[in-house]
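Residue-level structure breakdown
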Number of protein chains: 2
Amino acid sequence: MITDRLIELIKLKKNPTVVGLDPKLEFIPNYLLNEAKQKHEDIYCAAADAIFKFNCCLIDKLHDIIPAVKPQIAFYEQYGAPGIEAYINTLRYVKSKGLITIGDVKRGDIASTAEAYADAHLGFVLGAPVFDSDFATINPYLGFDSVSPFINACKKYDKGIFVLVKTSNPGAGDLQDINTDEGKVYEIVGRKVCEWGADSIGKNGYSRVCAVAGATYPHQIKKLRNEMPSTFFLVPGYGAQGGTSADVKQAFDAKGSGALINNSRGIIAAYLLPQYKKKYNEKEFADAAREAAVAMRDDIADGINA
Amino acid sequence: MITDRLIELIKLKKNPTVVGLDPKLEFIPNYLLNEAKQKHEDIYCAAADAIFKFNCCLIDKLHDIIPAVKPQIAFYEQYGAPGIEAYINTLRYVKSKGLITIGDVKRGDIASTAEAYADAHLGFVLGAPVFDSDFATINPYLGFDSVSPFINACKKYDKGIFVLVKTSNPGAGDLQDINTDEGKVYEIVGRKVCEWGADSIGKNGYSRVCAVAGATYPHQIKKLRNEMPSTFFLVPGYGAQGGTSADVKQAFDAKGSGALINNSRGIIAAYLLPQYKKKYNEKEFADAAREAAVAMRDDIADGINA
């Protein structure tokens, strides 16, 4: 079962970190951009080529120490068809290295449309996989009949989803924190996630229907951890968005399992950060990423053990 | 201003209908699928080619009687890069005929990611337009800071958005109808939409920040129409989903303006419906679509005047 595979990879690598592959062009070293521009006349083909090379270099340097990666599709989709090609190739390359892939797509639509998304991102279309990520992130605003096609695809193809419960951004509370008679809106969504996942709990105690819970709201995560004992968490917001190891600690269970902490620019663009800039030049961006990933792994372990 | 242009096109054609280009393969005539299969070895390239031809035939037969089209990106994205190419080419073709395009993408993400989506769908990336739709549909679950990059792009590029307020699907109420001290969740979102749009109201009285309000919930639409006098509505749910002309009437203002009613399969796949099947063969699918579009236009006019 996919959530078991994820948990076992986390244990094996002793690292509950997922690297967010959000390849903004400002993160990509000039030498890679220039190489790509010389090869391609079309600017989007050049961008997509540079992105894919950037991602491959990162994966080559990181794959033995991390369990999973999470490409954010917006940073590929913005280059049209060549960008989507780079997204697919990235997922394939990551998979070839034995890592778990989380497609950060935040899709959500009425059932017949959600089926098309579910087949594309988690299943098969015309007999072949399209994006073929192991997990996808899902937006629940359209209601529970909009999520069920994704759950059906998860069961059919042994995949998983992370439903947005409490996101990490400053405005997350605008809708998610609205008070109701049955608790806050995000708590109602959280309870639904538990319900949907109840019949697909793996041998490690966690379901394939998982939740997004932001590191920037540690009190809420702590509460969710207690109320959702069989729900695995994807935790964005560590690092650049302000979440600390003490914050993310709240997402783990008593055994130190049950959560995966995302970091994007803090790892993939580490070579641009003051603490790594002197040590690494732009051609060593993947070495800087590795050092940052090790530092994050150790920081989270310290947080859990504190 | 884009909302004015849309309203003026609706007046000119005397038709507040938007045709949903949701090209499921089951809607596409066999002769088009077979032609595409003979031309392309890759199944996704064949599907994308058939979809684009299908759309072009429809637009050729419909462009003089409709003001706008709304492609649902899921039915293109599901074929990977060739599908995205067909989506872009469809938007371009529609634009070349002088119609308004609504990208039904329902995107929503944290601000830095929402910027990438906004640039791609409504603006420019690396100096060029990517999808270049006139409007995009937006999911507000991540909160108001996730919507503002889209509003910024709207102002910069003279575009518009339709924020999901009350969707048309059976489960729409699961989150949207939750009761709070300040009304239902969708009413809170509706009030926010009014706020965001207050400084961009055009000469026809409607803002570029618009709302989705489903025809399947006529009482709620009626209430929203009263509470949101400067918000233009996109109304899904007419036809196959069960909404009638009496239902959609509630979305219009006293002058019969302020709303655009969507129909997808009821028009693009009309040739498969019992009432058109005898009259039109599969090669005449676009003629059937035109007859269905005229019937819908007249049905809505009857509803408004009733």
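To keep things clear, this report deals only with the structure shown in the data block.

Right, let's get into a negative patch on the surface. Residues A:Asp181, A:Glu182, B:Asp181 and B:Glu182 make up a contiguous surface patch of negative charge. Among the structural elements, A:Asp181 can be located in the loop between strand 8 (179-180) and strand 9 (183-184). Judged by its relative accessible area of 75%, A:Asp181 falls in the exposed class.

All names here are of chain B. In this fold, Asp247 is placed in helix 11 (residues 245-249). Buried Asp247, no salt bridge; nearest opposite-charge side chain is Lys222, N-O distance 11 Å. With near-sequence residues (within four places) excluded, Asp247 lies in contact with Ala215, Pro218 and Gly242.

Turning our eyes to something else, we now look at the sheet that holds strand 12 (residues 259-263) of chain A. Residue and element names in this part refer to chain A. In space, the eight strands of this closed barrel follow the order 1-2-3-6-7-10-11-12, with parallel pairing throughout. Averaged over all pairs of adjacent strands, the angle between their axes in this sheet comes to 30°, without regard to strand direction. Sheet topology note: the strand 6 (residues 135-138)/strand 7 (residues 160-166) ladder contains four bridges and is parallel. Across the sheet, residue Ile138 finds its bridge partner in strand 7, namely Val163. Against the sheet, helix 1 (residues 2-13) touches strand 2 (68-71), strand 3 (100-107), strand 6, strand 7, strand 10 (209-213) and strand 12, its axis set at about 125° to strand 3. Contacts from helix 7 (residues 144-157) reach strand 3, strand 6, strand 7 and strand 10, with the element oriented near 145° to strand 7.

This part covers the relation of the copies chain A and chain B. Here chain A sits on chain B after a turn of 180° about the axis and a move of 0.0 Å along it, with an RMSD of 0.0 Å. Expressed as a symmetry operation, the mapping of one chain copy onto the other fits a two-fold axis. Both copies share a contact surface, since 100% of the interface residues of chain A are interface residues in chain B too.

With 63 residues of chain A in contact, the opposing surface of chain B contributes 63 residues. Around 4900 Å² of area is buried between chain A and chain B when both sides are counted, 62% of it from carbon and sulfur atoms. Across the chain A-chain B interface, the total number found is four salt bridges. One salt bridge in this structure joins A:Glu77 and B:Arg107, with 3.1 Å as the shortest N-O distance. Our count for the contact surface shared by chain A and chain B stands at 27 residue pairs in polar contact (both at pLDDT 80 or more). Among the elements that take part in the side of chain A that touches chain B, helix 6 (residues 111-122) of chain A stands out by supplying six residues, more than any other.

Per the counting criterion, the structure on display carries 42 salt bridges over all chains. Two residues, A:Asp287 and A:Lys61, come together in a salt bridge whose shortest N-O distance is 2.9 Å. Of this pair, A:Asp287 sits in helix 14 (residues 285-305) while A:Lys61 sits in helix 3 (residues 43-62), placing them 226 residues apart in sequence. What makes A:Lys61 partly exposed here is its relative accessible area of 33%. In this structure, a network of salt bridges that share partners links the residues A:Lys70, A:Asp104, A:Lys106 and B:Asp109.

On any regular strand, side chains alternate: one points to one face of the sheet, the next to the other face. All names here are of chain A. Across the five residues of strand 10, five count as buried, placing the element largely inside the fold. Neither face of strand 10 is open: one carries Val209, Ala211 and Ala213, the other Cys210 and Val212, and all of them are buried. Where strand 10 and strand 11 (residues 233-235) come together, two bridges link them in parallel fashion. Residue Val212 lies in a different strand from strand 11, and its bridge partner there is Leu234. Of the crossover connections in this fold, the one passing from strand 10 over helix 10 (residues 218-227) to the parallel strand 11 is right-handed.

Rules used in this analysis
- Residues numbered from 1 in each chain as written.
- Chains lettered and ligands numbered in written order.
- Predicted model: local features only at pLDDT ≥ 70, side-chain atom pairs only at ≥ 80, totals over all residues.
- Heavy atoms only, no water.
- Patch = residues over 30% accessible without salt bridge, like charges linked within 9 Å, V, L, I, M, F, W, Y side chains within 5 Å.
- Areas by Shrake-Rupley, 256 points an atom, 1.4 Å probe, with all protein chains shown as cover.
- Salt bridge = Lys/Arg side-chain N within 4 Å of Asp/Glu carboxyl O.
- Lys, Arg positive; Asp, Glu negative; His and termini not counted.
- Charge placed at Lys NZ, Arg CZ, Asp CG, Glu CD.
- Helix = DSSP H or I, 4+ residues; strand = E, 2+ residues; numbered from the N terminus.
- Buried < 20%, exposed > 50% of the residue type's maximum accessible area, 1.4 Å probe, protein only.
- Contact = heavy atoms within 4.5 Å.
- Pairing = 2+ DSSP bridges.
- Axes fitted to C-alpha atoms, helices over the stretch in contact; angles between N-to-C directions.
- Least-squares fit on C-alpha atoms with pLDDT ≥ 70 in both.
- Buried area = accessible area lost by both parts, 1.4 Å probe.
- Polar contact = N/O pair within 3.5 Å; in protein donor to acceptor, adjacent residues only side chain to side chain.
- Right-handed = clockwise from strand over helix to strand, strands pointing away.

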